[in-house]
Amino acid sequence: MAAAALVITGLILISSRLQAMVSRLFGPMSRRMASVVAKGRFQGLTGQFFLGSLLGALWSPCVGPTFGAAIGLASESGVKGEALFRMLTFGVGAAVPLLIAGMGARSILRRPRLRRFTLAAKPVMGLMIIVLGVTELIGGMEMVEQLILTSLPNFWVHMITLI
C-alpha cells in the first residue's frame, strides 16, 4: 500500500495536470486552514503547541520505527541520566531539519533563481519517488538491501544490526 502511495505521489509531482487536480481537491481545506491561521488562532505558545502536536500526529507513523530504536537504545543503558540524554539527542536531531526547513522555505521561495531550481527539481524528485515505489512493489528493495549488506565492511554490518 505504501509503495502504491509512493508511485501515486511521484506521478502527481511529474504531472502538472495531476497537480492541478489535487490542488482543486484539497484547495478548499487549504483555504480554510489559511483563514484560521490568518485570524490569529494559532498565535502564541498555545497555537504553536497545537500546530506542533498536529505535525507530531501526522509524523508519528513515519518516525515510529526510528523512535522505537531510540527508546530501545535509551533503555539499554540502564542509567536514567544517560537514557534522558539519548532521548534528548534524538529529539534535537529530529527537530533541527524541521527548523531548517521551516526557516529556509520562505527565503527560498522569495529568490527567483532558487524558486526556478525547486520547480525544475520537482519532476526529478517525482521520478525518483516512482522508481522507489516500483522497486518496492516488485520486491526489489530486498535485493537492494542484500547488495548493500554484501558490499559493506563487516564491522559496519555489525554496527547496523546492533541497533
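Remember, predicted model here, so these are calculated numbers, not experimental data. (Residues numbered from 1 in each chain as written. Predicted model: local features only at pLDDT ≥ 70, side-chain atom pairs only at ≥ 80, totals over all residues. Heavy atoms only, no water.)

**Student:** Is there a simple way to explain the overall build of the chain in this structure?
**Tutor:** Within the chain one finds 7 helices and 0 strands. Along the chain, helices and strands appear, N-terminal first, in the series α-α-α-α-α-α-α. Over its C-alpha trace the chain gives a radius of gyration of 20 Å, far above what one expects of a compact globule, namely 15 Å for 163 residues. Relative to its 163 residues, the chain shows a buried fraction of 13%. Of the accessible surface of the chain, which amounts to about 13000 Å², a share of 72% is contributed by carbon and sulfur atoms. (Helix = DSSP H or I, 4+ residues; strand = E, 2+ residues; numbered from the N terminus. Rg over C-alpha atoms; globule rule 2.2 N^0.38 Å. Buried < 20%, exposed > 50% of the residue type's maximum accessible area, 1.4 Å probe, protein only. Areas by Shrake-Rupley, 256 points an atom, 1.4 Å probe, with all protein chains shown as cover.)

**Student:** What exactly am I supposed to notice about the confidence of the model for the chain here?
**Tutor:** In low-pLDDT segments, the atomic positions of the prediction should not be examined closely. The pLDDT averaged across the chain works out to 80; a share of 93% of its residues lies at or above 70. Within the chain, no element has a lower average pLDDT than helix 3 (residues 44–77), which sits at 73, and none a higher one than helix 1 (residues 2–14), at 90. (pLDDT = per-residue confidence, 0-100.)

**Student:** Even after reading the chapter, I still don't get the environment of M29, so can you show me in this structure?
**Tutor:** Among the structural elements, M29 can be located in helix 2 (residues 16–38). On the accessibility criterion, M29 (52% relative accessible area) is exposed. Along the sequence, M29 and A4 sit 25 residues apart, while their C-alpha atoms lie 24 Å from each other.

**Student:** I keep staring at a nonpolar patch on the surface and nothing clicks. Help me out?
**Tutor:** The grouping of L6, L132, M141, V144 and I148 at the surface amounts to a nonpolar patch, some 370 Å² of accessible area in total. Tallying contributions element by element places helix 6 (residues 140–151) first for the nonpolar patch, with 3 residues. You can call M141 partly exposed: its relative accessible area is 30%. (Patch = residues over 30% accessible without salt bridge, like charges linked within 9 Å, V, L, I, M, F, W, Y side chains within 5 Å. Salt bridge = Lys/Arg side-chain N within 4 Å of Asp/Glu carboxyl O.)

**Student:** Hey, could you run me through the side chain of T135 in this one?
**Tutor:** By secondary structure assignment, the location of T135 is in helix 5 (residues 112–137). Once you skip the residues sitting within four places of it in the chain, T135 turns out to touch G140 and M141. (Contact = heavy atoms within 4.5 Å.)

**Student:** For this particular structure, what's the right way to read helix 5?
**Tutor:** Along an α-helix, residues three or four positions apart point the same way, because every turn accommodates 3.6 residues. With 26 residues, helix 5 should cover 38 Å at 1.5 Å per step; its first-to-last C-alpha distance of 38 Å lies within 8% of that length. Considering bend angle alone, the principal kink of helix 5 is centred on A121 and spans about 30 degrees; proline P123 follows within four residues of it. G126, I129, I130, G133 and T135 are the residues of helix 5 that are buried. Elements in contact with the buried residues of helix 5: helix 1 and helix 6. (Expected span 1.5 Å × (residues − 1). Bend = angle between axes of the 7 residues up to and from the residue.)

**Student:** Any chance you could explain the packing of helix 1 against helix 5 here in plain terms?
**Tutor:** The axes of two packed helices give the description: the angle between them and the distance between them. Contact geometry for helix 1 and helix 5: axes closest at 7 Å, N-to-C directions at 160 degrees. In terms of orientation, helix 1 lies roughly antiparallel with respect to helix 5. In terms of crossing hand, the pair formed by helix 1 and helix 5 is left-handed. Of the residues in helix 5, those in contact with A3, A4, L6, V7, G10, L11, L13 and I14 of helix 1 are K122, P123, M125, G126, L127, I129, I130, G133, V134, E136 and L137. The residue makeup of the contact of helix 1 with helix 5, split by class, is 14 nonpolar, 3 polar and 2 charged. (Axes fitted to C-alpha atoms, helices over the stretch in contact; angles between N-to-C directions. Parallel < 35°, antiparallel > 145°, perpendicular 65-115°, else oblique. Left-handed = near helix turned anticlockwise from the far one by under 90°. Nonpolar A, V, L, I, M, F, W, Y, C, P; charged D, E, K, R; others polar.)

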